[in-house]
Amino acid sequence: MSAQIGVTGLAVMGANLARNLARNGYTVALHNRSIEKTDVLLEKHGHEGNFVRTESLQELVDSLETPRRVLIMVKAGGPVDSVIGQLAPLLEKGDIIIDAGNSHYEDTRRREADLATKGLHFVGVGVSGGEEGALLGPSIMPGGSRESYDSLGPMLEKISAKYNDEPCCRWIGTDGAGHFVKMVHNGIEYADMQVIGEAYDLLRSGAGIEPAEQAKIFTEWNTGTLSSFLIEITAEVLAHTDATTGKPFVDVVVDSAGQKGTGRWTVVSALELGSPTSGIAESVFARGLSSQRDQRAQAQEILAGHEGSVALPETFVEDVRLALYASKLVSYAQGIDMLTAAAKEYGWELKLDEIASLWRAGCIIRAELLDDIMKAYATADGQPANLLLAPAFAESIAGALPAWRRVVSTAVQLGIPVPVFSASLAYYDGLRRRRLPAALTQGLRDLFGAHTYNRVDMEGTFHTLWGEDKSEIEAVDTH
Ligand code: NAP
(Lines give C-alpha, C1' and ligand atoms only; values in the text may rest on other atoms or scores of the structure.)
Protein backbone atom coordinates (compact mmCIF):
# COMPACT_ATOMS: atom_id res chain seq x y z
CA MET A 1 0.00 0.00 0.00
CA SER A 2 1.43 3.42 -0.97
CA ALA A 3 1.19 5.97 1.78
CA GLN A 4 0.34 9.60 1.02
CA ILE A 5 2.50 10.97 3.78
CA GLY A 6 5.16 9.66 6.15
CA VAL A 7 5.65 10.85 9.71
CA THR A 8 8.96 10.39 11.50
CA GLY A 9 9.12 11.27 15.19
CA LEU A 10 6.21 9.73 17.04
CA ALA A 11 6.34 11.39 20.45
CA VAL A 12 3.12 13.05 21.51
CA MET A 13 2.96 15.69 18.74
CA GLY A 14 4.04 13.46 15.86
CA ALA A 15 1.78 10.61 16.97
CA ASN A 16 -1.21 12.91 17.24
CA LEU A 17 -0.58 14.53 13.86
CA ALA A 18 -0.21 11.07 12.29
CA ARG A 19 -3.49 9.98 13.87
CA ASN A 20 -5.19 13.19 12.73
CA LEU A 21 -4.01 12.53 9.15
CA ALA A 22 -5.19 8.91 9.28
CA ARG A 23 -8.55 9.85 10.79
CA ASN A 24 -8.99 12.20 7.85
CA GLY A 25 -8.62 9.36 5.39
CA TYR A 26 -4.92 9.55 4.47
CA THR A 27 -2.68 6.51 4.49
CA VAL A 28 0.17 7.39 6.84
CA ALA A 29 3.55 5.67 6.98
CA LEU A 30 4.98 5.69 10.50
CA HIS A 31 8.59 5.87 11.62
CA ASN A 32 10.39 6.61 14.85
CA ARG A 33 14.10 6.36 15.71
CA SER A 34 13.27 3.69 18.26
CA ILE A 35 10.57 1.25 17.11
CA GLU A 36 8.73 1.16 20.46
CA LYS A 37 6.79 4.41 19.88
CA THR A 38 5.66 3.16 16.44
CA ASP A 39 4.35 -0.07 17.94
CA VAL A 40 2.64 1.63 20.87
CA LEU A 41 0.84 3.94 18.43
CA LEU A 42 -0.24 1.05 16.23
CA GLU A 43 -1.35 -1.03 19.19
CA LYS A 44 -3.45 1.74 20.75
CA HIS A 45 -4.69 3.58 17.69
CA GLY A 46 -4.02 1.39 14.66
CA HIS A 47 -7.77 0.96 14.15
CA GLU A 48 -8.26 4.71 13.58
CA GLY A 49 -7.12 4.63 9.95
CA ASN A 50 -4.62 3.27 7.45
CA PHE A 51 -1.07 3.15 8.81
CA VAL A 52 2.07 1.61 7.33
CA ARG A 53 4.62 0.41 9.90
CA THR A 54 8.25 1.05 8.94
CA GLU A 55 11.45 0.38 10.83
CA SER A 56 13.93 2.50 8.89
CA LEU A 57 13.93 5.78 7.00
CA GLN A 58 14.63 3.80 3.80
CA GLU A 59 11.51 1.72 4.41
CA LEU A 60 9.55 4.90 5.15
CA VAL A 61 10.69 6.49 1.89
CA ASP A 62 9.95 3.30 -0.08
CA SER A 63 6.39 3.21 1.24
CA LEU A 64 5.43 6.65 -0.09
CA GLU A 65 3.73 7.76 -3.29
CA THR A 66 5.62 10.36 -5.30
CA PRO A 67 6.29 13.21 -4.93
CA ARG A 68 7.04 11.99 -1.42
CA ARG A 69 5.93 13.91 1.62
CA VAL A 70 7.85 13.23 4.83
CA LEU A 71 6.83 15.07 7.97
CA ILE A 72 9.51 15.34 10.65
CA MET A 73 8.28 15.82 14.22
CA VAL A 74 11.40 15.33 16.32
CA LYS A 75 12.98 17.47 19.01
CA ALA A 76 13.79 20.93 17.61
CA GLY A 77 17.43 21.85 16.90
CA GLY A 78 20.18 19.30 16.17
CA PRO A 79 17.85 16.29 15.85
CA VAL A 80 16.02 17.97 12.93
CA ASP A 81 19.35 18.46 11.09
CA SER A 82 20.32 14.90 11.88
CA VAL A 83 17.08 13.46 10.47
CA ILE A 84 17.27 15.70 7.37
CA GLY A 85 20.88 14.56 6.87
CA GLN A 86 19.78 10.91 6.83
CA LEU A 87 16.59 11.47 4.86
CA ALA A 88 17.70 13.79 2.04
CA PRO A 89 19.99 11.27 0.29
CA LEU A 90 17.08 8.80 0.13
CA LEU A 91 14.75 11.23 -1.64
CA GLU A 92 14.33 12.37 -5.25
CA LYS A 93 13.97 15.79 -6.84
CA GLY A 94 10.54 17.29 -6.15
CA ASP A 95 10.01 15.38 -2.88
CA ILE A 96 8.93 17.40 0.16
CA ILE A 97 10.42 17.37 3.65
CA ILE A 98 8.18 18.99 6.24
CA ASP A 99 9.38 20.16 9.64
CA ALA A 100 6.33 20.75 11.81
CA GLY A 101 8.25 21.21 15.08
CA ASN A 102 9.06 24.47 16.83
CA SER A 103 12.16 25.28 14.82
CA HIS A 104 13.77 28.71 14.72
CA TYR A 105 12.89 30.41 11.44
CA GLU A 106 16.55 31.14 10.66
CA ASP A 107 17.23 27.37 10.85
CA THR A 108 14.30 26.86 8.51
CA ARG A 109 15.69 29.42 6.06
CA ARG A 110 19.07 27.71 6.15
CA ARG A 111 17.60 24.21 5.68
CA GLU A 112 15.32 25.36 2.87
CA ALA A 113 18.16 26.99 0.96
CA ASP A 114 20.37 23.93 1.42
CA LEU A 115 17.73 21.40 0.33
CA ALA A 116 16.70 23.58 -2.63
CA THR A 117 20.19 23.04 -4.07
CA LYS A 118 19.37 19.30 -4.05
CA GLY A 119 16.02 19.85 -5.77
CA LEU A 120 14.08 19.04 -2.59
CA HIS A 121 11.29 21.17 -1.14
CA PHE A 122 11.57 22.01 2.52
CA VAL A 123 8.46 23.22 4.30
CA GLY A 124 8.75 24.70 7.79
CA VAL A 125 5.32 24.49 9.38
CA GLY A 126 4.23 26.28 12.53
CA VAL A 127 1.72 24.17 14.44
CA SER A 128 -0.17 25.59 17.41
CA GLY A 129 -2.65 23.98 19.73
CA GLY A 130 -0.55 21.60 21.79
CA GLU A 131 -1.23 17.88 21.95
CA GLU A 132 -4.97 18.18 21.71
CA GLY A 133 -4.78 20.53 18.74
CA ALA A 134 -2.43 18.18 16.89
CA LEU A 135 -5.00 15.40 17.23
CA LEU A 136 -8.26 17.28 16.79
CA GLY A 137 -7.24 20.18 14.56
CA PRO A 138 -4.42 22.66 15.12
CA SER A 139 -3.82 26.08 13.65
CA ILE A 140 -1.26 25.46 10.91
CA MET A 141 1.19 28.03 9.48
CA PRO A 142 3.12 26.53 6.55
CA GLY A 143 6.07 28.20 4.85
CA GLY A 144 8.16 26.93 1.93
CA SER A 145 7.61 27.15 -1.79
CA ARG A 146 4.19 27.80 -3.28
CA GLU A 147 4.66 24.69 -5.42
CA SER A 148 5.10 22.46 -2.38
CA TYR A 149 1.94 23.96 -0.86
CA ASP A 150 -0.03 22.92 -3.94
CA SER A 151 0.85 19.32 -3.12
CA LEU A 152 0.77 19.49 0.66
CA GLY A 153 -1.73 22.27 1.42
CA PRO A 154 -4.95 20.29 0.89
CA MET A 155 -3.82 17.68 3.44
CA LEU A 156 -2.82 20.28 6.00
CA GLU A 157 -6.04 22.22 5.47
CA LYS A 158 -8.06 19.04 5.97
CA ILE A 159 -6.47 18.23 9.34
CA SER A 160 -6.46 21.83 10.61
CA ALA A 161 -8.89 23.48 13.00
CA LYS A 162 -11.93 25.04 11.36
CA TYR A 163 -13.50 28.41 12.11
CA ASN A 164 -16.97 28.71 10.60
CA ASP A 165 -15.97 25.79 8.33
CA GLU A 166 -12.89 27.68 7.08
CA PRO A 167 -9.60 25.84 7.59
CA CYS A 168 -7.11 27.51 9.95
CA CYS A 169 -4.30 26.79 7.51
CA ARG A 170 -3.05 28.96 4.65
CA TRP A 171 0.24 29.23 2.85
CA ILE A 172 2.14 31.92 4.73
CA GLY A 173 5.14 32.63 2.51
CA THR A 174 8.48 31.30 1.36
CA ASP A 175 11.24 29.63 3.42
CA GLY A 176 10.98 30.49 7.15
CA ALA A 177 7.75 32.54 6.97
CA GLY A 178 5.60 29.86 8.60
CA HIS A 179 7.94 29.35 11.54
CA PHE A 180 8.37 33.12 11.91
CA VAL A 181 4.61 33.64 12.15
CA LYS A 182 4.34 30.77 14.65
CA MET A 183 7.11 32.35 16.73
CA VAL A 184 5.29 35.70 16.83
CA HIS A 185 2.08 33.85 17.72
CA ASN A 186 3.93 32.43 20.72
CA GLY A 187 5.26 35.89 21.64
CA ILE A 188 1.71 37.23 21.64
CA GLU A 189 0.71 34.22 23.73
CA TYR A 190 3.33 35.18 26.36
CA ALA A 191 1.98 38.75 26.51
CA ASP A 192 -1.61 37.52 26.57
CA MET A 193 -0.89 35.33 29.59
CA GLN A 194 1.04 38.08 31.36
CA VAL A 195 -1.78 40.64 31.04
CA ILE A 196 -4.17 38.05 32.46
CA GLY A 197 -1.72 37.56 35.35
CA GLU A 198 -1.54 41.32 35.92
CA ALA A 199 -5.34 41.57 35.98
CA TYR A 200 -5.51 38.69 38.47
CA ASP A 201 -2.86 40.34 40.67
CA LEU A 202 -4.65 43.70 40.64
CA LEU A 203 -7.94 42.08 41.57
CA ARG A 204 -6.30 39.98 44.30
CA SER A 205 -3.60 42.23 45.77
CA GLY A 206 -5.42 45.49 44.99
CA ALA A 207 -9.09 44.68 45.54
CA GLY A 208 -8.76 41.55 47.73
CA ILE A 209 -10.89 39.38 45.45
CA GLU A 210 -10.20 35.70 46.11
CA PRO A 211 -9.51 33.25 43.25
CA ALA A 212 -12.89 31.49 43.40
CA GLU A 213 -14.66 34.85 43.13
CA GLN A 214 -12.31 35.90 40.35
CA ALA A 215 -13.19 32.72 38.46
CA LYS A 216 -16.73 34.09 38.19
CA ILE A 217 -15.41 37.45 36.99
CA PHE A 218 -13.27 35.81 34.29
CA THR A 219 -16.21 33.63 33.25
CA GLU A 220 -18.26 36.80 32.86
CA TRP A 221 -15.43 38.50 30.95
CA ASN A 222 -15.34 35.53 28.60
CA THR A 223 -18.76 36.51 27.28
CA GLY A 224 -17.61 39.92 25.98
CA THR A 225 -14.82 41.45 23.92
CA LEU A 226 -12.22 39.46 25.88
CA SER A 227 -13.78 36.14 24.93
CA SER A 228 -10.90 33.75 24.28
CA PHE A 229 -9.46 30.36 25.13
CA LEU A 230 -6.98 31.85 27.62
CA ILE A 231 -9.66 33.79 29.54
CA GLU A 232 -11.81 30.64 29.60
CA ILE A 233 -9.04 28.49 31.08
CA THR A 234 -8.08 31.26 33.52
CA ALA A 235 -11.54 30.88 35.05
CA GLU A 236 -11.02 27.10 35.22
CA VAL A 237 -7.62 27.36 36.92
CA LEU A 238 -8.78 30.02 39.40
CA ALA A 239 -11.85 27.96 40.33
CA HIS A 240 -9.73 24.90 41.08
CA THR A 241 -9.12 23.92 44.72
CA ASP A 242 -6.06 21.90 45.73
CA ALA A 243 -7.23 18.50 46.95
CA THR A 244 -4.34 18.10 49.43
CA THR A 245 -4.62 21.41 51.28
CA GLY A 246 -8.08 22.71 50.40
CA LYS A 247 -6.41 25.97 49.31
CA PRO A 248 -6.94 27.69 45.99
CA PHE A 249 -4.81 25.81 43.46
CA VAL A 250 -2.93 29.02 42.46
CA ASP A 251 -1.74 29.38 46.04
CA VAL A 252 0.08 26.05 46.10
CA VAL A 253 1.84 26.48 42.75
CA VAL A 254 5.42 27.82 42.79
CA ASP A 255 5.33 31.29 41.27
CA SER A 256 8.13 30.96 38.75
CA ALA A 257 7.00 30.69 35.15
CA GLY A 258 8.86 28.39 32.80
CA GLN A 259 9.61 29.02 29.17
CA LYS A 260 10.76 26.96 26.23
CA GLY A 261 12.30 29.86 24.34
CA THR A 262 9.90 31.01 21.64
CA GLY A 263 9.06 34.19 23.60
CA ARG A 264 12.77 34.96 23.89
CA TRP A 265 13.23 34.28 20.16
CA THR A 266 10.43 36.74 19.41
CA VAL A 267 12.05 39.48 21.45
CA VAL A 268 15.54 38.88 20.03
CA SER A 269 14.09 38.98 16.55
CA ALA A 270 12.09 42.14 17.36
CA LEU A 271 15.29 43.83 18.51
CA GLU A 272 17.06 42.78 15.33
CA LEU A 273 14.21 44.08 13.19
CA GLY A 274 13.99 47.32 15.20
CA SER A 275 10.34 46.59 15.93
CA PRO A 276 9.11 48.09 19.25
CA THR A 277 7.64 44.95 20.75
CA SER A 278 7.70 46.23 24.33
CA GLY A 279 4.65 44.36 25.67
CA ILE A 280 5.92 40.98 24.49
CA ALA A 281 9.42 41.81 25.78
CA GLU A 282 8.06 42.77 29.21
CA SER A 283 6.14 39.52 29.38
CA VAL A 284 9.34 37.54 28.76
CA PHE A 285 11.21 39.63 31.36
CA ALA A 286 8.34 39.11 33.81
CA ARG A 287 8.91 35.36 33.55
CA GLY A 288 12.60 36.02 34.16
CA LEU A 289 11.86 38.00 37.33
CA SER A 290 9.41 35.32 38.45
CA SER A 291 12.25 32.80 38.29
CA GLN A 292 14.50 34.88 40.57
CA ARG A 293 12.74 33.60 43.67
CA ASP A 294 15.66 33.95 46.07
CA GLN A 295 16.28 37.57 45.15
CA ARG A 296 12.57 38.33 45.48
CA ALA A 297 12.37 36.66 48.89
CA GLN A 298 15.27 38.82 50.14
CA ALA A 299 13.98 41.98 48.50
CA GLN A 300 10.57 41.62 50.12
CA GLU A 301 12.28 42.00 53.50
CA ILE A 302 14.51 44.92 52.49
CA LEU A 303 12.96 47.11 49.82
CA ALA A 304 10.36 49.76 50.63
CA GLY A 305 6.95 49.58 49.00
CA HIS A 306 4.06 52.00 49.14
CA GLU A 307 2.81 53.66 52.29
CA GLY A 308 -0.74 54.51 53.29
CA SER A 309 -3.92 53.39 51.65
CA VAL A 310 -5.09 54.03 48.13
CA ALA A 311 -8.80 54.39 47.47
CA LEU A 312 -9.85 52.15 44.60
CA PRO A 313 -12.31 53.62 42.13
CA GLU A 314 -15.77 52.03 42.36
CA THR A 315 -15.34 50.92 38.79
CA PHE A 316 -12.10 49.07 39.55
CA VAL A 317 -13.09 45.60 38.28
CA GLU A 318 -14.50 47.00 35.06
CA ASP A 319 -11.45 49.28 34.76
CA VAL A 320 -9.17 46.24 34.99
CA ARG A 321 -11.19 44.50 32.28
CA LEU A 322 -10.79 47.47 29.97
CA ALA A 323 -7.07 47.82 30.75
CA LEU A 324 -6.62 44.12 30.02
CA TYR A 325 -8.43 44.52 26.70
CA ALA A 326 -6.39 47.57 25.67
CA SER A 327 -3.05 46.00 26.68
CA LYS A 328 -3.91 42.80 24.88
CA LEU A 329 -4.74 44.77 21.76
CA VAL A 330 -1.36 46.50 21.94
CA SER A 331 0.38 43.11 22.10
CA TYR A 332 -1.37 42.04 18.92
CA ALA A 333 -0.55 45.41 17.32
CA GLN A 334 3.12 45.00 18.21
CA GLY A 335 3.24 41.37 17.03
CA ILE A 336 1.63 42.35 13.72
CA ASP A 337 4.02 45.30 13.36
CA MET A 338 6.83 42.80 13.73
CA LEU A 339 5.33 40.66 10.95
CA THR A 340 5.25 43.73 8.71
CA ALA A 341 8.91 44.49 9.48
CA ALA A 342 9.92 40.86 8.83
CA ALA A 343 8.00 40.77 5.55
CA LYS A 344 10.08 43.72 4.38
CA GLU A 345 13.34 42.25 5.64
CA TYR A 346 12.85 38.76 4.19
CA GLY A 347 10.78 39.54 1.11
CA TRP A 348 7.68 37.70 2.35
CA GLU A 349 4.27 38.78 1.10
CA LEU A 350 2.53 38.20 4.39
CA LYS A 351 -1.23 38.61 4.26
CA LEU A 352 -2.11 39.94 7.70
CA ASP A 353 -5.84 39.26 7.39
CA GLU A 354 -5.17 35.63 6.50
CA ILE A 355 -2.70 35.22 9.35
CA ALA A 356 -5.22 36.63 11.84
CA SER A 357 -7.82 34.27 10.38
CA LEU A 358 -5.59 31.23 11.07
CA TRP A 359 -5.40 32.10 14.75
CA ARG A 360 -9.19 32.15 15.25
CA ALA A 361 -9.38 28.44 16.10
CA GLY A 362 -7.12 25.58 17.12
CA CYS A 363 -4.37 27.67 18.68
CA ILE A 364 -3.71 28.98 22.18
CA ILE A 365 -4.38 32.66 21.39
CA ARG A 366 -7.72 31.96 19.71
CA ALA A 367 -10.04 34.83 20.58
CA GLU A 368 -13.09 36.72 19.33
CA LEU A 369 -10.83 39.71 18.85
CA LEU A 370 -9.06 37.95 15.96
CA ASP A 371 -12.18 38.08 13.83
CA ASP A 372 -12.12 41.90 14.17
CA ILE A 373 -8.36 41.98 13.52
CA MET A 374 -8.89 39.95 10.37
CA LYS A 375 -11.56 42.39 9.21
CA ALA A 376 -9.28 45.36 9.95
CA TYR A 377 -6.73 44.00 7.45
CA ALA A 378 -9.22 42.55 4.95
CA THR A 379 -10.28 46.06 3.95
CA ALA A 380 -9.98 47.15 0.35
CA ASP A 381 -9.41 50.78 1.42
CA GLY A 382 -5.73 50.34 2.25
CA GLN A 383 -4.40 48.55 5.28
CA PRO A 384 -3.88 50.45 8.53
CA ALA A 385 -0.21 51.30 9.21
CA ASN A 386 -0.76 49.93 12.71
CA LEU A 387 -3.57 47.77 14.04
CA LEU A 388 -4.48 50.48 16.55
CA LEU A 389 -5.19 52.87 13.65
CA ALA A 390 -7.95 50.68 12.24
CA PRO A 391 -11.11 52.74 12.90
CA ALA A 392 -12.85 50.05 14.97
CA PHE A 393 -9.83 49.63 17.26
CA ALA A 394 -9.00 53.34 17.53
CA GLU A 395 -12.56 53.74 18.79
CA SER A 396 -12.58 50.81 21.20
CA ILE A 397 -9.22 51.75 22.67
CA ALA A 398 -10.40 55.36 23.12
CA GLY A 399 -13.31 53.94 25.10
CA ALA A 400 -10.94 51.93 27.30
CA LEU A 401 -8.35 54.69 27.74
CA PRO A 402 -9.61 56.49 30.88
CA ALA A 403 -9.92 53.14 32.69
CA TRP A 404 -6.51 52.00 31.42
CA ARG A 405 -4.86 55.15 32.80
CA ARG A 406 -6.69 54.79 36.14
CA VAL A 407 -5.59 51.17 36.46
CA VAL A 408 -1.93 51.85 35.65
CA SER A 409 -1.77 54.82 38.05
CA THR A 410 -3.55 52.88 40.79
CA ALA A 411 -1.14 49.98 40.31
CA VAL A 412 1.82 52.36 40.55
CA GLN A 413 0.44 53.89 43.75
CA LEU A 414 -0.19 50.46 45.25
CA GLY A 415 3.21 49.13 44.17
CA ILE A 416 1.66 46.28 42.16
CA PRO A 417 3.87 45.47 39.15
CA VAL A 418 2.00 45.74 35.86
CA PRO A 419 4.85 45.66 33.34
CA VAL A 420 2.76 44.85 30.27
CA PHE A 421 -0.21 47.07 31.18
CA SER A 422 2.16 50.02 31.65
CA ALA A 423 4.54 49.27 28.75
CA SER A 424 1.54 48.92 26.45
CA LEU A 425 0.13 52.24 27.61
CA ALA A 426 3.54 53.90 27.10
CA TYR A 427 3.68 52.42 23.58
CA TYR A 428 0.21 53.77 22.88
CA ASP A 429 1.16 57.22 24.14
CA GLY A 430 4.41 57.15 22.16
CA LEU A 431 2.67 55.99 19.00
CA ARG A 432 0.18 58.85 19.07
CA ARG A 433 2.91 61.53 19.40
CA ARG A 434 4.06 63.31 16.27
CA ARG A 435 7.15 64.55 18.21
CA LEU A 436 9.15 62.42 20.63
CA PRO A 437 12.13 63.33 22.81
CA ALA A 438 14.26 61.35 20.36
CA ALA A 439 15.15 64.79 18.92
CA LEU A 440 17.08 65.43 22.12
CA THR A 441 18.67 61.97 21.89
CA GLN A 442 19.91 62.89 18.42
CA GLY A 443 21.32 66.16 19.78
CA LEU A 444 23.18 64.28 22.52
CA ARG A 445 24.51 61.71 20.05
CA ASP A 446 25.75 64.49 17.82
CA LEU A 447 27.48 66.25 20.73
CA PHE A 448 29.33 63.27 22.20
CA GLY A 449 29.85 61.19 19.09
CA ALA A 450 29.37 63.44 16.04
CA HIS A 451 26.64 61.03 14.94
CA THR A 452 24.92 63.84 12.94
CA TYR A 453 21.20 64.62 12.65
CA ASN A 454 18.53 65.59 10.15
CA ARG A 455 16.52 68.81 10.43
CA VAL A 456 12.74 69.16 10.31
CA ASP A 457 12.98 72.16 7.98
CA MET A 458 15.51 71.20 5.29
CA GLU A 459 16.98 68.20 3.49
CA GLY A 460 20.45 66.97 4.35
CA THR A 461 22.51 65.64 7.23
CA PHE A 462 24.07 68.02 9.73
CA HIS A 463 26.58 68.24 12.54
CA THR A 464 27.03 71.06 15.06
CA LEU A 465 30.60 72.02 15.95
CA TRP A 466 29.90 71.65 19.67
CA GLY A 467 33.51 72.10 20.81
CA GLU A 468 34.07 75.17 18.62
CA ASP A 469 31.67 78.01 17.87
CA LYS A 470 28.55 75.75 17.72
CA SER A 471 28.01 76.58 14.08
CA GLU A 472 26.31 73.93 11.93
CA ILE A 473 27.91 72.16 8.99
CA GLU A 474 26.58 69.70 6.43
CA ALA A 475 27.89 66.27 7.21
CA VAL A 476 28.03 62.76 5.84
CA ASP A 477 25.06 60.72 7.16
CA THR A 478 26.31 58.34 9.86
CA HIS A 479 22.95 57.58 11.55
P1 NAP B 1 9.97 15.93 21.63
O2 NAP B 1 9.95 15.51 23.05
O3 NAP B 1 10.34 17.35 21.32
O4 NAP B 1 10.92 14.97 20.77
C5 NAP B 1 10.87 13.56 20.93
C6 NAP B 1 10.93 12.88 19.58
O7 NAP B 1 12.12 13.26 18.90
C8 NAP B 1 10.98 11.36 19.71
O9 NAP B 1 10.25 10.79 18.66
C10 NAP B 1 12.46 11.07 19.59
O11 NAP B 1 12.75 9.76 19.15
C12 NAP B 1 12.83 12.07 18.52
N13 NAP B 1 14.26 12.37 18.48
C14 NAP B 1 14.98 13.07 19.38
N15 NAP B 1 16.27 13.17 18.97
C16 NAP B 1 16.35 12.51 17.79
C17 NAP B 1 17.40 12.27 16.87
N18 NAP B 1 18.63 12.75 17.08
N19 NAP B 1 17.12 11.56 15.76
C20 NAP B 1 15.88 11.10 15.52
N21 NAP B 1 14.84 11.30 16.35
C22 NAP B 1 15.07 12.00 17.48
O23 NAP B 1 8.51 15.62 20.97
P24 NAP B 1 7.16 16.45 20.98
O25 NAP B 1 6.83 17.03 22.32
O26 NAP B 1 6.17 15.58 20.32
O27 NAP B 1 7.48 17.72 20.06
C28 NAP B 1 7.92 17.58 18.73
C29 NAP B 1 8.10 18.97 18.15
O30 NAP B 1 6.86 19.67 18.20
C31 NAP B 1 9.10 19.86 18.89
O32 NAP B 1 9.74 20.70 17.97
C33 NAP B 1 8.21 20.69 19.78
O34 NAP B 1 8.81 21.91 20.17
C35 NAP B 1 7.03 20.90 18.88
N36 NAP B 1 5.78 21.25 19.53
C37 NAP B 1 5.41 20.65 20.67
C38 NAP B 1 4.20 21.00 21.26
C39 NAP B 1 3.74 20.32 22.51
O40 NAP B 1 2.69 20.72 23.02
N41 NAP B 1 4.45 19.31 23.00
C42 NAP B 1 3.38 21.94 20.67
C43 NAP B 1 3.77 22.51 19.48
C44 NAP B 1 4.97 22.15 18.92
P45 NAP B 1 12.96 8.56 20.22
O46 NAP B 1 11.59 8.10 20.58
O47 NAP B 1 13.72 7.54 19.47
O48 NAP B 1 13.71 9.14 21.38
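To start, this report covers the structure provided alongside it. These numbers were taken from a predicted model, which means no experiment stands behind them.

Inspection of the region around the ligand gives 20 residues, with M13, N32, R33, S34 and K37 positioned closest. One nitrogen or oxygen atom from the side chain of R33 is found 2.9 Å from an oxygen atom belonging to the ligand. For the ligand, an oxygen atom lies 2.8 Å from a polar atom in the side chain of S34. For the ligand, whose unbound accessible area comes to 890 Å², protein coverage reaches 77%. When each cavity is represented as a set of grid points, the ligand is found to reside in the second largest pocket. For the shell around the ligand, the secondary structure elements donating two or more residues are α1 (12-23), α4 (78-87) and α6 (130-136). Of the residues contributing to the shell around the ligand, the split by class is ten nonpolar, six polar and four charged.

Taken as a whole and judged by the stated rule, the model has nine aromatic pairs. Arranged with centres 6.5 Å apart and planes meeting at 55°, the rings of F180 and Y346 form a pair that is tilted. You can see F180 sitting in helix α8 (residues 177-206) and its partner Y346 sitting in helix α15 (residues 316-346), a full 166 residues away along the chain. As far as burial versus exposure is concerned, F180 and Y346 are alike and both buried. Members of the aromatic cluster, connected to one another through ring pairs, are Y105, F180, Y346 and W348. Taking the ring centre of F229 as reference, the NZ or CZ of R366 above it sits at 4.0 Å.

Conventions and cut-offs
Residues numbered from 1 in each chain as written. Predicted model: local features only at pLDDT ≥ 70, side-chain atom pairs only at ≥ 80, totals over all residues. Heavy atoms only, no water. Near = heavy atom within 4 Å. Polar contact = N/O pair within 3.5 Å; in protein donor to acceptor, adjacent residues only side chain to side chain. Areas by Shrake-Rupley, 256 points an atom, 1.4 Å probe, with all protein chains shown as cover. 1 Å grid on protein atoms, 1.4 Å probe; cavity = no way out; pocket = protein on both sides within 12 Å on 5 of 7 lines; lining within 4 Å. Sits in = over half its atoms within 2 Å of the grid points. Helix = DSSP H or I, 4+ residues; strand = E, 2+ residues; numbered from the N terminus. Nonpolar A, V, L, I, M, F, W, Y, C, P; charged D, E, K, R; others polar. Phe/Tyr/Trp six-rings, centres within 6.5 Å; stacked < 30°, edge-to-face > 60°. Buried < 20%, exposed > 50% of the residue type's maximum accessible area, 1.4 Å probe, protein only. Lys NZ or Arg CZ within 6 Å of the ring centre and 35° of its normal.

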